[in-house]
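Spelled out, the chains give:
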Amino acid sequence: MYNLISVVLKKRLDLSFKTSPDFRARIVEAPGLWMSEREVARLRHDLRKVAQRSVADGELDYGVFSEREDALARTIVTVVYRVSDGEPVAFNALPVIQVSLSGKPVDVLHLGLVMIDPAVRSQGLSWVLYGLTCFLLFLRNQLRPLWISNVTQVPAVAGMVAETFSGVFPAPTRGARRSLHQQLIATAIMGSHRHVFGVGPDAGFDGDRFVITNAYTGGSDNLKKTFAAAPKHRKAEYNDFCAAELDYDRGDDLLQIGQLDLNAAQRYLMESVPRNALGRLAVASLVILVQRLALPALHWADSRRQWGILRPSNQ
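Residues numbered from 1 in each chain as written. Predicted model: local features only at pLDDT ≥ 70, side-chain atom pairs only at ≥ 80, totals over all residues. Heavy atoms only, no water.

Moving on to the side chain of Thr19. In this fold, Thr19 is placed in the loop between strand E1 (14-18) and strand E2 (23-29). Sequence-distant contacts of Thr19, that is, excluding residues within four places in its chain, are made with Arg24, Ala25, Trp127, Val128, Ala277 and Arg280. (Helix = DSSP H or I, 4+ residues; strand = E, 2+ residues; numbered from the N terminus. Contact = heavy atoms within 4.5 Å.)

If you want it as structure tokens, here you go:
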């Protein structure tokens, strides 16, 4: 009970729970803003351990692995640990990118870097790494649609994003078109935020197809794959789409823009989350909802903090 209360009262997300008898996930929001230096160092150590097992060279220099001071201050990190020995085996780093739409700031959740220890692949972690954090943030946002972005050259990932989220462009789905908002978001991301996903300033961008050309020059070099090596989707249309749109020798990526809305959330629950994990997800969702309800009430009752033009009494 004490652990539940401590989680609910935190301003930022810090949630740990078992996703299955074998694995435990911890989700931490913007750890660079509130964790101690020792805790941040431990988190980086866990992320690097997973990367060393997942990437042939084991070295990356962008996102949570870069030395930029804001890397962990604007990222939501999900780390999966093996219950038996506490070893980190997978993670998802979800940067929050702020862009302007119609003169108003809008947050875009970038699906970010996902890495899985080869020893635990195909053990049912996809629902945790590719949708869990987004789903919990959608609940916290009071079921209002959230914009998402994704950069990939992997057909399996491109297909998963197209099938999980709503209105995704680019995608091979019949009738898939880019909206004005998607065009503005893509332009803003490529104009000011390409460092978030390891794309250098010399990379090009095809604004009609949302294809980043020569993408692997900004710290993500070791992630470049040939088409033969890139994991394929179970549906051939996504594989064919990536083969036709991307130059793998040059190193191209798709920049996908879509939304997490009620329809996408329902698809995630019905198609991605294992039936035996629904109970655990319900508990995590309850924590998020209680936090969303409890914190405004606590802030309202806190007479020590300034609110607008009202200032706390000195007495």
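What follows concerns helix H5 (residues 155-164). Counting buried positions along H5 gives nine out of 10 residues, so the element sits mostly inside the fold. Where H5 is concerned, the buried positions are Pro155, Val157, Ala158, Gly159, Met160, Val161, Ala162, Glu163 and Thr164. Looking at the packing, one finds that the buried side of H5 touches helix H4 (126-140), strand E7 (146-152), strand E8 (166-169), helix H7 (236-245), strand E11 (253-260) and helix H8 (262-272). (Buried < 20%, exposed > 50% of the residue type's maximum accessible area, 1.4 Å probe, protein only.)

This part takes up the pattern of salt bridges. Counted by the stated rule, this structure contains 13 salt bridges. As a salt-bridge pair, Asp117 and Arg53 come within 3.5 Å of each other at their nearest N and O atoms. Taken together, the residues Asp117 in the loop between strand E6 (113-116) and H4 and Arg53 in helix H3 (residues 37-54) connect sequence positions 64 residues apart. Classification of Arg53 as partly exposed rests on a relative accessible area of 31%. Among the charged side chains, a salt-bridge network with shared partners connects Lys49, Arg53, Glu87 and Asp117. (Salt bridge = Lys/Arg side-chain N within 4 Å of Asp/Glu carboxyl O.)

The next thing to look at is the packing of H5 against H7. In a pair of packed helices, the angle between the axes and the distance between the axes together describe the arrangement. One can describe the packing of H5 onto H7 by two numbers: an axis separation of 9 Å at closest approach and a directional angle of 115 degrees. Once H5 is placed against H7, the crossing between them reads as right-handed. Contacts between H5 and H7 involve Pro155, Ala158, Gly159, Ala162 and Glu163 from the former and Tyr238, Asn239 and Cys242 from the latter. Across the contact of H5 with H7, the residue classes break down as five nonpolar, two polar and one charged. (Axes fitted to C-alpha atoms, helices over the stretch in contact; angles between N-to-C directions. Left-handed = near helix turned anticlockwise from the far one by under 90°. Nonpolar A, V, L, I, M, F, W, Y, C, P; charged D, E, K, R; others polar.)

Turning our attention to the environment of Gly258. The residue Gly258 is located in strand E11 in this model. Residue classification places Gly258 among the buried residues on the basis of a relative accessible area of 0%. C-alpha of Gly258 to C-alpha of Gln182: the two residues are 76 residues apart in sequence and 7.6 Å apart in space. Once residues lying within four places of it in the same chain are set aside, the contact partners of Gly258 are Leu146, Trp147, Ile148, Ser166, Gly167, Val168 and Gln182.

Under the defined criterion, the tally for this structure stands at five aromatic pairs. Between Phe205 and Phe210, the ring centres sit 5.9 Å apart and the planes meet at 40 degrees, which makes this aromatic pair tilted. Taking 5.3 Å as the distance between ring centres and 70 degrees as the angle between the ring planes, the aromatic pair formed by Phe227 and Tyr248 counts as edge-to-face. In this pair, Phe227 sits in the loop between strand E10 (211-213) and H7 while Tyr248 sits in the loop between H7 and E11, placing the two residues 21 residues apart along the sequence. Classification of Phe227 by relative accessible area gives partly exposed; the value is 28%. (Phe/Tyr/Trp six-rings, centres within 6.5 Å; stacked < 30°, edge-to-face > 60°.)

Another point: the side chain of Gln256. Looking at where Gln256 falls in the secondary structure, it is placed in strand E11. A distance of 3.2 Å separates a polar atom in the side chain of Gln256 from the backbone oxygen of Ala158. Setting aside anything within four residues of it in sequence, one finds Gln256 in contact with Ile148, Ser149, Asn150, Thr152, Ala158, Val161, Ala162, Val168, Phe169 and Pro170. (Polar contact = N/O pair within 3.5 Å; in protein donor to acceptor, adjacent residues only side chain to side chain.)

This part takes up the confidence of the model for the protein. Considering every residue of the protein, the mean pLDDT works out to 84; 84% of them sit at 70 or more. The least confident element of the protein is helix H1 (residues 2-9), whose mean pLDDT is 42; the most confident is E10, at 97. This model gives residues 1-9 a pLDDT under 50, and the stretch forms 12 contacts once residues within four places in sequence are excluded. (pLDDT = per-residue confidence, 0-100.)

H8 packs onto H4 with a crossing angle of 140 degrees between their chain directions and a minimal axis gap of 11 Å. In terms of axis orientation, H4 runs oblique to H8. The way H4 lies across H8 gives a crossing that is left-handed. On the side of H4, the interface is formed by Trp127, Gly131, Leu132, Phe135 and Phe138, while H8 contributes Leu262, Ala265, Tyr268, Leu269 and Ser272. Classifying every residue of the contact of H4 with H8 by side-chain character gives eight nonpolar, two polar and no charged. (Parallel < 35°, antiparallel > 145°, perpendicular 65-115°, else oblique.)

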